[in-house]
Amino acid sequence: MPFRMFDGNGAAVEAIRMARPGVIAAYPITPQSSIAEKLSDCVANGQIDAEYIRVESEHSAMSVCVGACLTGVRVATATSSVGLALMHEVCGVTSGCRLPVVMPVVNRSLVAPWSLWCDHQDTMAERDTGWLQFYCGTVQEVLDLTLCAYRISEHQDVLTPSMVCLDGFFLSHSMQKVSAPTDEEAWDFVGPYVRRNMYIDPTDVMFVNDLCPTSEYTEMRYQQKVGFERAADVAREVFDEYGRRFGRRPCTVEKYLLDDADIALVTMGSMSGTAKFAVNELRRQGVKAGLLRICMFRPFPAGEIREALKNVPVVGVVDRSAGLGAAQPPAATEVSAALRGAGCRVFSFVGGLAGRDISDGAFKGLYSELLDVFEGQAQSVNTWFDLKGDPMALREVDIIC
Amino acid sequence: MLEIRFHGRGGQGTVNAAQLLAKAVVAAGGYAQFIPAFGVERKGSPVFGYFRMDSGTIWPKTQVYEPDGVVILDDSLIRAVPVFEGLREGGFVVLNTALDVRELALPPQAGVCTLLDATDIARELIGAEIPNTVMLGALARTMPGVDADILAGLIRGKYGEKNERAFRAGFGSAQVLRLKEG
């Protein structure tokens, strides 16, 4: 398979183009903008045979996608940050109507303070909206997971939309070497869209998203729960097939040097490559460090995570979210629940907010804190890492950007 | 692994230049990665770029803190941004400037310095003060492991023949100064 060069947004557009959507509605927002622009280019120059509907907001973009998808076409959109927050209401409509929309989300911080840069607070705020969530580690995975997401979401037992999450700038604007299938190979894998469950058809009229009585709502939600349960198996089947066809098998979780590990970190997204680099250096120094990357966050692969980490004495979970007011931030909460009773000590780390770089040095610091706990020199860790100066002294923005 | 940090200003083509460099490395069979950092997409704002190349998979996806070289597309940035921060011992500096090396406060660890007035060359050959392709020429002359002909072809494909000439002029006219023995 020949190598091509894409940034993360380019890889997302390439996968969407290969899946041949019939309707596109996207509203530009940094750092997603080049997805909206390139999709528009593709429609204008005939690379995608779709209607591009211009909208005034993300709320409208998803509303158009819902309506169009109900008529029986594959749809495309993408968003980020406050755009996703504005879309929130309609995201629930999409999942509740069991419409298998696949949406790249370029991860960016939420306001306030205003920010343009990467963290996971936007998609974590949507984690219970009834969408599958995949977090990409590389630009290659943006292409692979987007193509797989169509198959998983549209599977007749799943019928649940997907967010394919890619870190703003670290992936969206990072030019990397990517291996891509041909258009024919990709189409043979994804296949045409088939409408199921709810649809708009004048010859077969049905109610869509009308008022549901209390006596039926719980059952409708239960159907979604069953869809999520099937999604976990379907994802593995689709990843296996993708691996057989294209030589790269996407994963639900990625295990790295965990078998004999004394200490391990759990990461998500682009930070994971840097963490792996830090693990390699620590291993050279004789420290038994390991890494678990969560790629599929919804459905949460609790069983696999427990199996992978149950013999690691000290585990740290890195959240790129503040998790304000929670017992632990989102990823740490779920990993702790997965490991309940396993005997591991689980700690939470919070950092990398609003694009603050998580350097290999920062990772070595986190592993060092876990090692202190493992060796009995500390009882706990400092959850918020890389805090600068006196954080309580800041009030208004001091550095103009 | 070779790491380079790019410093430019919005509108100078910094991001496009580094992306072309990454493409050239990959086209020659290597591995490359580029991560830009900018905020508001505004002309004149400082732009940062972090470039890595290697013979195998590149794991880190972070900023570059200890570059083997820095490329500076606008010499006014020297006073505005810590452009030389973390430069490795013996590292290279490629700088767009009309100044002489004696007028510049280069960091003590710099081993190689390439100077040229890329803006002037761009104005003459392209008719616009966009120095990115000229600077790529100077960089290709300075750094190891880049096939100048592959890069020239990519520049021609993206920007046309004037920019290819600008690239070759940058390559040809850059003064590569060895600041240290060996």
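Before reading on, note that the structure itself is shown above.
Residues numbered from 1 in each chain as written. Chains lettered and ligands numbered in written order. Predicted model: local features only at pLDDT ≥ 70, side-chain atom pairs only at ≥ 80, totals over all residues. Heavy atoms only, no water.

For the rest of this paragraph, the subject is the interface of chain B and chain A. Contacts between the two partners involve 24 residues from chain B, matched on the other side by 25 residues from chain A. Each partner contributes to the roughly 2100 Å² buried at the junction of chain B and chain A, and carbon and sulfur atoms together form 64% of this total. On the chain B side of the contact with chain A, B:Phe38, B:Trp59 and B:Lys61 bury the most area, a combined 30% of that side's loss. Across the contact surface, chain B and chain A share zero salt bridges. Across the chain B-chain A interface, the total number found is six residue pairs in polar contact (both at pLDDT 80 or more). At the level of elements, helix H1 (14-27) and strand E2 (31-37) of chain B are the ones that each hand at least two residues to the side of chain B that touches chain A. The element that contributes the greatest number of residues to the side of chain B that touches chain A is E2(B), accounting for six residues. Its residues assigned to classes, the side of chain B that touches chain A comprises 13 nonpolar, seven polar and four charged. Bridging between strand E8 (residues 175-179) of chain A and E2(B) involves two bridges; their strand directions are antiparallel. Residue pairing in the sheet places A:Gln176 in a bridge with B:Gln33 of E2(B). (Contact = heavy atoms within 4.5 Å. Buried area = accessible area lost by both parts, 1.4 Å probe. Salt bridge = Lys/Arg side-chain N within 4 Å of Asp/Glu carboxyl O. Polar contact = N/O pair within 3.5 Å; in protein donor to acceptor, adjacent residues only side chain to side chain. Helix = DSSP H or I, 4+ residues; strand = E, 2+ residues; numbered from the N terminus. Nonpolar A, V, L, I, M, F, W, Y, C, P; charged D, E, K, R; others polar. Pairing = 2+ DSSP bridges.)

Moving on, we come to the environment of B:Asn132. Residues and elements named next belong to chain B. You can see asparagine 132 is positioned in helix H4 (residues 132-142). The class for asparagine 132 is buried, based on a relative accessible area of 3%. The spacing of asparagine 132 and glycine 13 is 119 residues in sequence and 5.3 Å in space, taken between C-alpha atoms. Setting aside chain neighbours within four positions, we find asparagine 132 in contact with Gln12, Gly13, Asn16, Ala17, Leu73 and Tyr159. Only 3.1 Å separates the side chain of asparagine 132 from the backbone oxygen of glycine 13, close enough to count as a polar contact. (Buried < 20%, exposed > 50% of the residue type's maximum accessible area, 1.4 Å probe, protein only.)

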